[in-house]
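An overview of the molecular structure
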Amino acid sequence: MTTRRAVIVGGSHAGVQLAGSLRQEGWTDEITIIGEEAVLPYHRPPLSKAYLAGKHTLDELAIRSAEFYNKQDIHLVDATVEAIDRSAGLLSLSTGEEVPYDKLALCTGARPRRLPVPGVDLAGVYYLRSAADVEMIREESSPGRRVVIIGGGYIGLETAASLRALGLQVTVLEATERVLERVTAPEVSAFFDRIHRQEGVNIRTGALVEALSGDVRIREVFLSSGESIPADLVIVGIGVEPNTELAADAGLLVDNGVVIDGQSRTSDRNIMAAGDCASHDMARYGRRIRLESVPSAGEQAKVAAATICGKSKNIAALPWFWSDQYDLKLQIAGLNTGYDEVVLSGDPTRGREFTCFYLRAGELIAADCINRPRDFIFSKRAITQQLRISRAELVLAGSP
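Not measured: the values here are computed from a predicted model.

Calculation rules
- Residues numbered from 1 in each chain as written.
- Predicted model: local features only at pLDDT ≥ 70, side-chain atom pairs only at ≥ 80, totals over all residues.
- Heavy atoms only, no water.
- Pairing = 2+ DSSP bridges.
- Helix = DSSP H or I, 4+ residues; strand = E, 2+ residues; numbered from the N terminus.
- Axes fitted to C-alpha atoms, helices over the stretch in contact; angles between N-to-C directions.
- Core = buried A, V, L, I, M, F, W, Y, C linked by side-chain atoms within 4.5 Å.
- Buried < 20%, exposed > 50% of the residue type's maximum accessible area, 1.4 Å probe, protein only.
- Contact = heavy atoms within 4.5 Å.
- Right-handed = clockwise from strand over helix to strand, strands pointing away.

What follows covers the sheet that holds strand β15 (residues 228-230). Read across the open sheet, the 3 strands follow the order β13-β14-β15; overall the sheet is antiparallel. Two strands in the sheet have a free side with no partner beyond their single neighbour: β13 (209-214) and β15. If you compare each strand with its neighbour and ignore which way they point, the axes differ by 25 degrees on average. Across 5 bridges, the pairing between β13 and strand β14 (residues 218-223) is antiparallel. Bridged to A211 within β14 is F222.

Below is the structure:
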């Protein structure tokens, strides 16, 4: 019998999940994961949290052990895929090799959005996406040093919390009028703003960065207001962009991510995609969405594995996310896009726990739960089942 080859591009959460799920779905032929880092695939969410704070080693972040790949006969290759020849079923690698495939999965993830100002190439300016990035930042993170974080989203705030724990002087610059403006209600933004200020972080909103300055190394950050802020190091966290160039060059359909259907198939039926690089229609939210979420990446990967094995599964799970900052565990159920009302359970102006429920036309569509795991479980169930819940019930949802 002819051996079939399943090749996964990307040593990501999605890539590792897809490989393991292929074995679970009954794929007995070759499986290869091609990744660009010469280490075992690792969990990325802790990079800006426990790993940056020095609480975990890289070995402890491994998604799976070396024994898992050996036992499951999954071959890991350290290389960059430079081109896909769909007609021949071949991948061209940076090593000069060509790798044949029968089924291909793109789990190429995303990369940090670059800051478009002068001075970004100075020494001491970093982005935070890989373990190597964190290791360079940690080497410079001596107590008392001045760090400027550009971007007040989740990555920026998580990084701020980790570096405060290491004793650095931290300033966060956010271009919009509040932190987390693109993803949360004003009440949630105000809560995190308050907490970070109480922890000693200097938060500046409406702060537009015009240039980074220094001789060879970063010395100060210039704002459009004319003000300059001294900096020993700068960390840029202004979002990510999906790695879709490989797919686009191969002629696959791309629309804010590699376009997939409900079975994780791209516009080529022999090529799947999953994770941060993929976008698909979500009927519940009435639009095409690219989710930067480990749980969503895992589900898409499981569906892709089933599709490769000729089985029928659909992407259906409710999106959910999380963020750790100081002693705060933020758990997010659903997507709040298009909300027209919020209901609060708890007081975000006092203490360190509450829930913000998001409604659209009276229906619960999302919830931000801070240190309220019961509310998170309740919200996931209610949103998934589309339960009709009164505002009074939401207010009391997390009560003992």
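Turning to the nonpolar core, a few remarks are in order. The biggest cluster of nonpolar side chains holds 59 residues, and the ones touching the most others in it are V170, F192 and F357. Considering every element that reaches this core, the biggest residue donor is strand β26 (residues 363-370), with 6 residues. When residues no more than four places from it in sequence are discounted, the contact partners of F192 are L157, L180, Q325, L328, L330 and I370.

Here we take up the pairing of strand β10 (residues 146-150). Of all the 5 residues making up β10, 4 are buried; the element is thus mostly covered by neighbouring parts of the structure. In this sheet, strand β11 (residues 169-174) lies alongside β10 in parallel orientation, the contact comprising 5 bridges. Its bridge partner lying in β11, V147 is registered against V170. A crossover connection joins β10 to the parallel β11 through helix α4 (residues 154-165); in handedness this β-α-β unit is right-handed. Relative to strand β16 (residues 233-236), β10 runs parallel, the two being bridged by 4 bridges. Residue pairing for β16: V147 is matched across the bridge by L233.

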